[in-house]
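Residue-level structure breakdown
Listed below are the residues making up each chain.
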Amino acid sequence: MTNSAQPDEAGRPTANAMRRALRRARDGVALDVTEAAVLLQARGDDLDDLTASAARVRDAGLEAAGRPGVITYSKSVFIPLTRLCRDKCHYCTFATVPGKLRRDGHGMFMSPDEVLDIARRGAAMGCKEALITLGDKPEDRWPEAREWLEAEGYDDTIAYVRAISIRILEETGLLPHLNPGVMSWTDFQRLKPVAPSMGMMLETTSERLWSEPGRPHYGSPDKEPAVRLRVLEDAGRSSVPFTSGLLIGIGETYEERAESLFALRRVARSYHGIQELIIQNFRAKPDTAMRGMPDAEIDDLVATIAVARHIMGPAGNIQAPPNLIAGEYERLIGAGIDDWGGVSPVTIDHVNPEKPWPQLDELAERSRAAGFTLAERLCVYPEFVQRGEPWLDPRLLPHLRALADPETGLARPDATVEGHPWQEPDEGYVASSGRTDLHRTIDTTGRTTDRRDDFDEVYGDWEALREQAAPGLVPSRIDGDVRAALATAADDPTKLTDDEALALLHADGPALDALCSVADDIRKTVNGDDVTYIVTRNINFTNVCYTGCRFCAFAQRRTDADAYTLSLDQVADRAAQAWDVGAVEVCMQGGIHPDLPGTAYFDIARAVKERVPGMHVHAFSPMEVVNGATRTGLSIREWLTAAKEAGLDSIPGTAAEILDDEVRWILTKGKLPTATWIEVIKTAHELGIRSSSTMMYGHVDQPRHWLGHLRTLAAIQQETGGFTEFVTLPFIHTNAPVYLAGIARPGPTTRDNRAVTAMARILLHPHIPNIQTSWVKLGQEGAAEMLRSGANDLGGTLMEETISRMAGSSYGSYRSIEDLVAIAETAGRPARPRTTLYGEVPEERQRAAKASDGQLPELLPLVD
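In this report, we go over the structure that sits alongside the text. Since the model is a prediction, treat every value here as computed from it, not as a measurement. Sequence order sets the numbering: in each chain, residues are counted from 1 along the sequence as written. Per-residue local features of the predicted model are confined to residues with pLDDT of at least 70, and side-chain atom pairs are confined, for both listing and counting, to 80 or more; whole-chain, interface and lining totals are unaffected and use all residues. Side-chain measures here rest on the full set of heavy atoms in the structure, leaving out hydrogens and waters.

1. Considerations on the overall build of the protein chain
Worth spelling out the cut-off: Helix numbers and strand numbers start at the N terminus; a helix is a DSSP run of H or I with at least 4 residues, a strand a run of E with at least 2. Atoms counted for the radius of gyration: C-alpha only. Globule rule: 2.2 Å times the number of residues to the power 0.38. A simple rule labels every residue: compare its accessible area, found with a 1.4 Å probe on the protein chains alone, to the largest value its type can have, and call it buried under 20%, exposed over 50%, or partly exposed in between. What makes two residues a contact is simply this: any of their non-hydrogen atoms within 4.5 Å. Accessible areas in this description were obtained via Shrake-Rupley with a 1.4 Å probe; residue shielding takes into account the shown protein chains only. Within this scheme the basic residues Lys and Arg register as positive and the acidic residues Asp and Glu register as negative, but His and the chain ends are omitted. Here the site of a charge means atom NZ of a Lys, CZ of an Arg, CG of an Asp or CD of a Glu.
Per the secondary structure count, the protein chain includes 35 helices and 21 strands. In terms of overall size, the protein chain behaves like a compact globule, its C-alpha atoms giving a radius of gyration of 29 Å where 864 residues would be expected to give roughly 29 Å. With respect to the three principal axes, the spread of C-alpha positions in the protein chain is 85 × 70 × 55 Å. Across the 864 residues of the protein chain, 62% fall into the buried class. Once local pairs closer than 6 in sequence are excluded, the contacts in the protein chain between residues at least 24 apart make up 77%. Total accessible area on the protein chain is roughly 31600 Å²; 49% of this is exposed by carbon and sulfur atoms. For the protein chain, the distance from the average position of its 93 positive side-chain charges to the average position of its 126 negative side-chain charges is 1 Å.

Right under this line is the structure:
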């Protein structure tokens, strides 16, 4: 039987295939890639049928958005910050070389004065967007670019983009829309506070157009499809309103074009951060390798817009550049666009300099002729203006409010475009607010609800996440010989192969008992029988956070009933209380509060040291370090150096979860990627700031992920020697969003806990000598069992613990010294106190702790 989707001899789809695809489009049935590829080839009456149904989808979306019959545009200036680029796209006339820039009297980058002159002229004419476009990482290819940046005091191009964006905001009032090409997750954190929106064209997902000699993207590292898709995903994880799209007619097949559209839909669905798709038609240019390539036909553009509309649905925004369409305004509106993009009364289109922008009067008239009213928007779409946090950084809100209509989110035509200060919120640490007694009442009153009321939006699309998680949840088949692996582990753990290690991570029954016995023997050789603990206090200074970690039940919006932020005095008071009862350490971590300046962490460390000079400050996860660095504009090394000067002694190795991005991007929407976590930890170690290491397991992970995580930690420790211990963190599922959504399993089993603890001891030997178990997550009996499975440390008294309790842990917020000694005795072992760095505790501290049993005077009783 012949498949109706098969093409005929001329390569066109069959009439049956076209009729079926058109019918499904008319009926609103979800298309697949094959059907989309068929529809991309619609012409004549078939194309009219396709565009009619696409227009209906668009109209339904505009009606739902509250702007029926409105087509938008952004009044902008185009600022080509640098035309140097490390890529070599065969169709591009934007990129040039240093010699040509010099001959034309230009610098390697536009100077601040040149940029601001354009921006001021735009502001005077009512423009509200500064479109900043530049080549990818020019300093990586051109020494002249690197020399210019160094001479002007910038570490890299992104640093200059950030600095010039702040000046545009402050001195002109225009809103920067940034197109710096491929960006890392860290780049997004650096730029988000200075720009309401950013963009990068996907162009195509065709691998062959990048990898094969002679193809348009050959020799251009930043045009690798996987790299560009990762940028789109990082934008979504960072809650950055993002523009992307396709460049059609550069040699891709219809199937490849369809696959590209579905890739864009997948990202949009997962993160809800794609604010618009640009469908741009290729136009051949002189003096390029593709000068002989035919231009994309207008029918091709119309069909692609219509198919994009069907794939993206009514909520998508689709744009076509009005200067590249040969006057076919009505046809493009009829195909389903709802936006004309940026149009400038001041500057040319520097990417297509031969194609002038239409006059706004003409654009309005041609839109009106097609039945639409032209309305001005900002560079960030109205949906995101109205959503607010976490999509818009607080530092940008005054700039946006000056230009946006609060009712519609569109631009106010009568707005005065003028500069406003760009600054840290409130110019300092925020005041105390909210439920600041949560550290006590979590054990009595408990949390107000089991989830935030924005549960269905803040974490991304749950259905898309289920699809993404499914492959990783399938257990691997293990064929390794457990007995041989046990023999290797007992003889020399450093010689365990990955296959042997995986076999042991799956061990159960008598084999698991034998594994734990081997691990316990290693523990006894390394640590002796003493079980160590530390008299410490946890201080979670805020739980306000918009990162979107799907495993976290601690994070709250600032308006939620359980939200709180401590003042500096309250932090210092808690540290002083802890010192009075014998503590040697405070462990301080908090949510990524949008109103806290990047220097707040320094203030917190300094406040503790000023009140209690002898207290060890163990504080700020790698995520907090990156947040502080990006907010202050410092490098990670510079920020950590300043934190150390303010009083930071060591950092917790939390925010690791599982050091495998396959798992991380299911667990969290916006937390730092594995490579950045490693960078922070290594940098801290190089600066003499030691850290713990952790692994949270038992959610959407598998033993193969545990193995990779432990191998990564061992490799870091061999390089830096900076880890003090490894802490096992079993996943607490009860109130975790990813569990409530039906994706994660309900935490690890007892078997999992024993296997992880034992294998941590074995795989990290002899590099990390201390293995800590968590009484908070496992309780007394569970912690004692881990002490018999290779662990030697019980962690701290804590005095208060909010994160696990908010997640649903039933083991309370504190343990007295007597309680911890009892856990050790249950395992048949003695206990002794330690410092953060596993040193001896001064006699004076031991006496103070013994007198109070390590407890604060007003702790409330535990609840069952």
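Additional details are given in the paragraphs that follow.
2. Observations regarding the environment of Met 125
If you trace the backbone, Met 125 turns up in the loop between helix 5 (112-124) and strand 2 (129-134). Put simply, Met 125 and Ala 145 are 20 residues apart on the chain and 32 Å apart in space, counted from C-alpha to C-alpha. With near-sequence residues (within four places) excluded, Met 125 lies in contact with Lys 75, Pro 345 and Val 346.

3. Looking at the pattern of salt bridges
Note the cut-off: The rule for a salt bridge is simple: a side-chain nitrogen of Lys or Arg has to be within 4 Å of a carboxyl oxygen of Asp or Glu.
Under the defined criterion, the tally for this structure stands at 52 salt bridges. Between Asp 299 and Arg 331 there is a salt bridge, with its nearest N and O atoms 2.8 Å apart. Of this pair, Asp 299 sits in helix 12 (residues 298-312) while Arg 331 sits in helix 13 (residues 329-335); the two residues are 32 residues apart in sequence, bridging distant segments of the chain. For Arg 331, a relative accessible area of 30% translates into the label partly exposed. In this structure, the salt-bridge partner of Asp 498 is Arg 711, at a minimum N-O distance of 2.9 Å. Of the two residues, Asp 498 sits in helix 21 (residues 498-505) while Arg 711 sits in helix 29 (residues 703-720), which places them 213 residues apart along the sequence. Residue Asp 498 is classed as partly exposed on the basis of its relative accessible area, which comes to 42%. Judged by relative accessible area, which is 28%, Arg 711 ranks as partly exposed. One connected set of salt bridges, linked through shared partners, spans Arg 230, Glu 233, Asp 234, Arg 237 and Arg 266.

4. Considerations on helix 34 (residues 817-826)
To be explicit about the condition: Here the arc refers to the set of directions running from the helix axis out to each C-beta atom.
Regarding helix 34, the residues found buried are Ile 817, Leu 820, Ile 823 and Ala 824. Down the axis of helix 34, the sector holding all buried residues measures 120 degrees, keeping them to one side. More than 90 degrees from the buried face of helix 34, the exposed residues found are Glu 818 and Glu 825. Turning to helix 34, the residues buried within the fold contact strand 11 (531-534), helix 32 (775-787), strand 20 (793-796), strand 21 (831-833) and helix 35 (843-852). At the C-terminal side of helix 34, Gly 828 shows a positive phi close to 75 degrees.

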